[in-house]
Every structure is written in structure tokens, then in C-alpha cells.
Amino acid sequence: MKLRGGLALIKATWLSWMQVRSFFFLLAFGWMIPPLIYLFVWSTAAGSGTVGGMTREGFVAYYLVLIVVNQLTYSQTNWTVGDVIRYGGMNSLLLRPLSPVFDALSSEVAGKVVYLTFVVPVTAVLAVILRPELHLTLRNALAFVPAVALAWALRFLWGYSLALLAFWATQADALLALQDALIFLLAGQVAPTVLLPGVLRTAALVLPFRYMVGFPVEVLSGQLDRVGLAVGFAYQVGWLTVALVAFLVIWRAGVRRYSAVGG
Amino acid sequence: MPQITVRNLSKTHRVPERAPGLAAALRGLARRSYRDVEAVRDVTFAVESGEIVGFIGPNGAGKTTTLKMLSGLLHPSSGEASVLGYVPWERRPAYLRRISMVLGNKSQLYWDIPPLDSFRVLAEIYGVPPEAYRETLDELVAILEMEPLLTKPVRTLSLGERMKCELVAGLIHCPAVLYLDEPTLGLDVSMQGRLRRFLAEVNRRRGVTMILTSHYMADVVALCPRVILIHHGALLYDGPLAGLAHKLAPFKLIHVSLGNGHRTDLVRSLLSPDVELIEQDGAQFTIRVSRDGAPGLTARLLNTLPVVDLAVEDPPIEAVIDQVYQEGQVANAGPQAE
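Bear in mind the structure is a predicted one, so any value in this text is a computation, not a measurement. (Residues numbered from 1 in each chain as written. Chains lettered and ligands numbered in written order. Predicted model: local features only at pLDDT ≥ 70, side-chain atom pairs only at ≥ 80, totals over all residues.)

For the rest of this paragraph, the subject is the interface of chain B and chain A. Listed by partner, the interface residues are 25 residues for chain B and 23 residues for chain A. Of the residues forming the side of chain B that touches chain A, the biggest block, six residues, is contributed by helix H4 (residues 115-125) of chain B. Of the residues that constitute the side of chain B that touches chain A, the class distribution is eleven nonpolar, seven polar and seven charged. (Contact = placed C-beta atoms within 7 Å. Helix = DSSP H or I, 4+ residues; strand = E, 2+ residues; numbered from the N terminus. Nonpolar A, V, L, I, M, F, W, Y, C, P; charged D, E, K, R; others polar.)

This is the structure we're talking about:
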């Protein structure tokens, strides 16, 4: 029943968004810009040599993969959760015999389909023009799939939990902006994690943000050895567990509060 | 056994409070002050299966809060409720599948796609089998005569057309209990009438129990044989609509028309604190008098004045409600929950 309801929700959201697809294409275009800027910055810096062991073609490959991974893992849904809570939309969702998280999940899936119809062709054209160099191995390709899936789950749940703080604070969205800033800095967007200086690099490796975007990119572009891969997955699963527990706690407490004070 | 039982239900909200101005805003940063608001106080009633009950009261009386508790959106501060054998605020999926709440100011339709797509999603969410879905949809669409609306994007529909769609969306899973919060809000007179007829028809055909809040007395008069009046969170009256005027308005209106040579000063001489002249149009007077004083005054009018025509009436229901809303006649009424 949940599956049927969830699939129907995805379809309706997708149909609804395809009606206004140009808006979403513009959004997706906007999200491509920062990685594109850093693509040009780093590939120019590398010139015909290397920076931190990465060539110009290597940077192009890294950032083109990052553009796609960023789109795949970005949870734009979380920006609307606060409004849904503030303006009483949560009432309609709570009246249904299906957890409201399914509504957010359906937006996620539907959104990915809409964005990727824009991002994949654009990235393919960029690849033809900029000639990336990607040493793809079967191991890296196979590891990339779960790495992206876990990265999405982590980024979604982390953001959703932050957004649910709107049950208590009216402007919880500010925390999402902070999350985006930290991802920009520590998840391999400003620079690949390997190029970050000392303390920042340690912070990037320990904090959850790299595992939301940078890690799968590093996996596919072949920057990680066997140990790096294993440690990365361990961090990813660990942080995902933390995010899942945080989500469950915040969700239950939030609904309890919502039903105590009213929407 | 009643389908809905509510016993001593109360809800107290804690609302943040601060005086206007910058200084107060800064003080609020350090220490917030709160005020307890009793939205619903000790409300008790029961509703039988298939009944339509009108829930009336001024803005802020506690109507919506009560409906939100019954639909499981709000947890009460104290008291009990049972609907279809469930405790609403436990929000069990089995309960949520058997109720529906239609809010006049909130939509559950997808804005950019035709309502038919929204109905399908809801049917899937509620697990309605395909045959039952088609049958229900056909029936509701036929009663509302809304076939042409089904394929237009919701954002292009008028308010009235959208409300029709909201009602179908709320009924697509054949709920046993339907909560309606101001379903005719903002609609024109003829659309209000159509929706009323629709609700009456759904109640007759499917035996859906309905609790309806509305500020339009016409809704209540047309649909609700029984009303519950709530004011400042407390139940003031529970009984037939006709009894409300009798119970709450302890006065009658006497319309009297005088013949040639009438004298206004003679009419005025009959007035007292209990006898008020509330309207005069030429030789026609409308006098408000206490129920007990009505026979005596009628006799005096007939004896002392050249009466051409005289009628004694109960005040219109709107006037009674208005008086209760303004004065909160708790003392005269007293609850009548049987």
C-alpha cells in the first residue's frame, strides 16, 4: 500500500513539475555554475602541468562528475518543508494514512528525473568540448553506485532533519543555508578534498559533508585506493546512521509538539 | 452506540506574548513570556452514525480546535474522545483511512495538474481498489455535474469549482466520518446552495456522519437538524436548531401596523427597558419584548392603538446568533447536553 501510494505521489509530483520544467531547468543551471567556475579555476591553474598530482584533464573530469553528483544528491525538497510546517500544509499531510516523509521522498525522486533531463545532456556537451580524462575501472564504477546512493540518503536526511526544526523555530531554513555553505567548503566543491590544507582537510575527512558529494566523485575519478574506499564507506554509513537516528528523534518530537500547539 | 463520543475535552494553548516595540523585542530575547489560552473547555457531546451536526460559534470560539482534535491533528490537554472506536490523536492509519477533513481555506490538490490526477494519487494513498475508485468518482462527479473540470489544471479553476474538487478529493476513499471546516467560505450564493445539496445527498446515499463548521447560517439551516454552539471554548447549546432561538433568545419580535391617525407618542409611551422599539417605517413598528411580556404587550397594543395588522415572531436565527456572539449569553442559556 505504501509503495503504491508512494509511486502515485512520485508520478503526480513529476507530472506537476514537468508543467513548470523551465523553472527547474533554470534552478539546475544555477546549481551548475559554482562547480563550473571552480572547474575553470583549477584547470587553468594546472595548465599543462599538475596541481597536487591532478592534471587539467583530471580536474575537468572531477568537476564534471561533481556537477552530476551534486544534482543527484541535492535535496531541494528540504527548502519547502519549513513552509509546509509554517503555513499549515502539514495538516493535510498528517491527515493521510501515509507518513509525510513519503511526500518529501516523492518530490526528491520526481525532482531528480526533471533535473537530470537537463543536467546530463549539458554535461555531455561540456565533456565533448572540454575533453576530460577519466581512468574508469570496474571496481570504481561499481563502488560509485552505492556511494552516490548513500550520499543522497545522507544529504537528504541531514537536510530534512534540519528543516524539521521548523516545528520549533520559525526560520530553520537558515540552517539549510549553513549546510550548503559547509558543503561548498568541505565537500569537494571549492577544491577536491586532497587539495585542502591541513586542518580543513582533517575537518573534511571527519565531518559528514564530504560524504554527501565529494566522496562519490573521488571514487569514480579514481582518487582513492582500497583503504581510502573502505574508510570512506565506513564514514558514510556511520554518518547516515547518525542522521537516521536524528531524523527519527526530531520527527517524533516535532509531531508531538505540532499536535500540542497546533499548526 | 454513538459513532463519536467526546467527554470533558479541553485544550489549552501556550502562546508567546510580548508588548510592541524594540525594547520589548529585546527583553523577549532574554526571557519569553507566555500566556495560557483555553481554546476548548470541558466539552462533552456524542454524535450518532449518519448524523449531520452543525458546529457554530464566533471566530476563535474553539470550533476548529475541536475538529483538529477529532481528526487527530491536535492532542488535547485533558479529556477523552472516541471516533469509530479509535482515539483520534493516536493517528492510527486504520483510523485515518476512515475519516476525512475538508478545510475551506486549505487545498489538498496538486495545483498544476488536472484534479483527476490528484484523485488517483489519493485513491492509491488510501488503498482504494480500482473498481471502487471508479464507482465513487463517477457517482460524486455526476452529483456535482463537474465532468468538464476533471481534465483542467487546478490553477485554472474558479474558487467554487476548486471546492467541488476538494469535496471529491475528501470523499474518494468513502470515509465514514467527514469533518468540514467552513466548506462554503468565499463562495457565491448559488454555489453554496449546490454544495449544500451535494453534502445532503452524500449523507443520504452513503450515510456519512458529518460535523460542519460554518459562519453562514444558511449552511446550518439547510444541512444540520442539530447544532452545537460553542463560545469561548465552552459548549453553550446542543440540540435542534429550532430550539436554539427559544433557548437563547428570551424575546419575541412584534410587528405592528397602525391605521389612520396613528400616534407615535402612544407607541413610545409603551416602551420600557424590557420593551424596545427597534425599527419604525412610517406606520409600521417592530418592537422587541421579553417572551413573558409578549402576551401582555400584545393585548395593550390592541386595546390602545388603531391596529391594522399585528404579528408576533421569534427573532431570525442570525439575530439570535449575533446576540449570543456579542453578549455570550451564558447565564441565560446554560448547556443542554443530553
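Anyway, onward from the coordinates.
What follows is about the packing of helix H6 (residues 159-171) of chain B against helix H7 (residues 189-206) of chain B. A pair of packed helices is characterised by two quantities: the angle between their axes and the separation of those axes. Residue and element names in this part refer to chain B. In the contact formed by H6 and H7, the axes pass within 10 Å of each other and the chain directions differ by 15°. Taken together, H6 and H7 sit at an angle that is classed as roughly parallel. The two elements H6 and H7 meet at a crossing, and its hand is right-handed. Of the residues in H7, those touching H6 at Gly160, Met163, Leu167 and Leu171 are Met191, Leu195, Phe198 and Val202. Across the contact of H6 with H7, the residue classes tally to seven nonpolar, one polar and no charged. (Axes fitted to C-alpha atoms, helices over the stretch in contact; angles between N-to-C directions. Parallel < 35°, antiparallel > 145°, perpendicular 65-115°, else oblique. Left-handed = near helix turned anticlockwise from the far one by under 90°.)

In this section: unusual backbone geometry. Although it is not a glycine, Arg131(A) sits at a positive phi angle of roughly 50°. As for its placement among the helices and strands, Arg131(A) is situated in the loop between helix H6 (101-130) and helix H7 (138-164). Phi at Leu84(B) is positive, roughly 55°, even though this residue is not glycine.

Right, let's get into helix H3 (residues 56-73) of chain A. Taking 1.5 Å per residue, 18 residues should reach 26 Å; H3(A) reaches 25 Å between its end C-alpha atoms and fits that length. Most of H3(A) is tucked away: 16 of the 18 residues are buried. (Expected span 1.5 Å × (residues − 1). Buried ≥ 20, exposed ≤ 12 C-beta atoms within 10 Å, placed from the backbone.)

The subject of this paragraph is the confidence of the model for chain B. All names here are of chain B. Confidence in the prediction of chain B, expressed as mean pLDDT, is 87, and 96% of residues score 70 or more. Element-level pLDDT for chain B is lowest in helix H13 (residues 330-333), with a mean of 42, against a maximum mean of 96 in strand S4 (residues 78-83). Taken as a whole, residues 330-338 scores under 50 in pLDDT and shows 18 contacts with residues more than four places along the chain or in a different chain. Here the prediction assigns the complex a pTM of 0.80, and the interface score ipTM is 0.78. (pLDDT = per-residue confidence, 0-100.)

Our next topic: the environment of Leu186(A). Residue and element names in this part refer to chain A. As for its placement among the helices and strands, Leu186 is situated in helix H8 (residues 173-186). We classify Leu186 as buried; it has 24 C-beta atoms within 10 Å. Residues Leu186 and Ala147, 39 residues apart in the sequence, show an inter-C-alpha distance of 17 Å. Once residues lying within four places of it in the same chain are set aside, the contact partners of Leu186 are Ala203, Ala204, Leu207, Phe209 and Arg210.

Bringing the confidence of the model for chain A into the picture now. In the predicted model, chain A carries a mean pLDDT of 89, and 98% of its residues have values of at least 70. Mean pLDDT across the secondary structure elements of chain A bottoms out at helix H1 (residues 2-18) of chain A, with 80, and peaks at helix H10 (residues 214-220) of chain A, with 95.

On to the sheet that holds strand S1 (residues 4-17) of chain B. All names here are of chain B. Spatial ordering of the open sheet is given by S2-S1-S4, a layout of three strands whose pairing is antiparallel. Two strands close off the open sheet at either side, each with one partner strand: strand S2 (33-47) and S4. Going from strand to strand, the sheet's axes swing by 30° on average, the running direction of each strand aside. Sheet topology places S1 next to S4; five bridges connect them, and they run antiparallel. Of the residues in S4, the one forming a bridge with Ile4 is Val83. Of the strands in this sheet, S1, S2 and S4 are in contact with helix H2 (residues 63-70), which crosses S1 at around 115°. (Pairing = 2+ DSSP bridges.)

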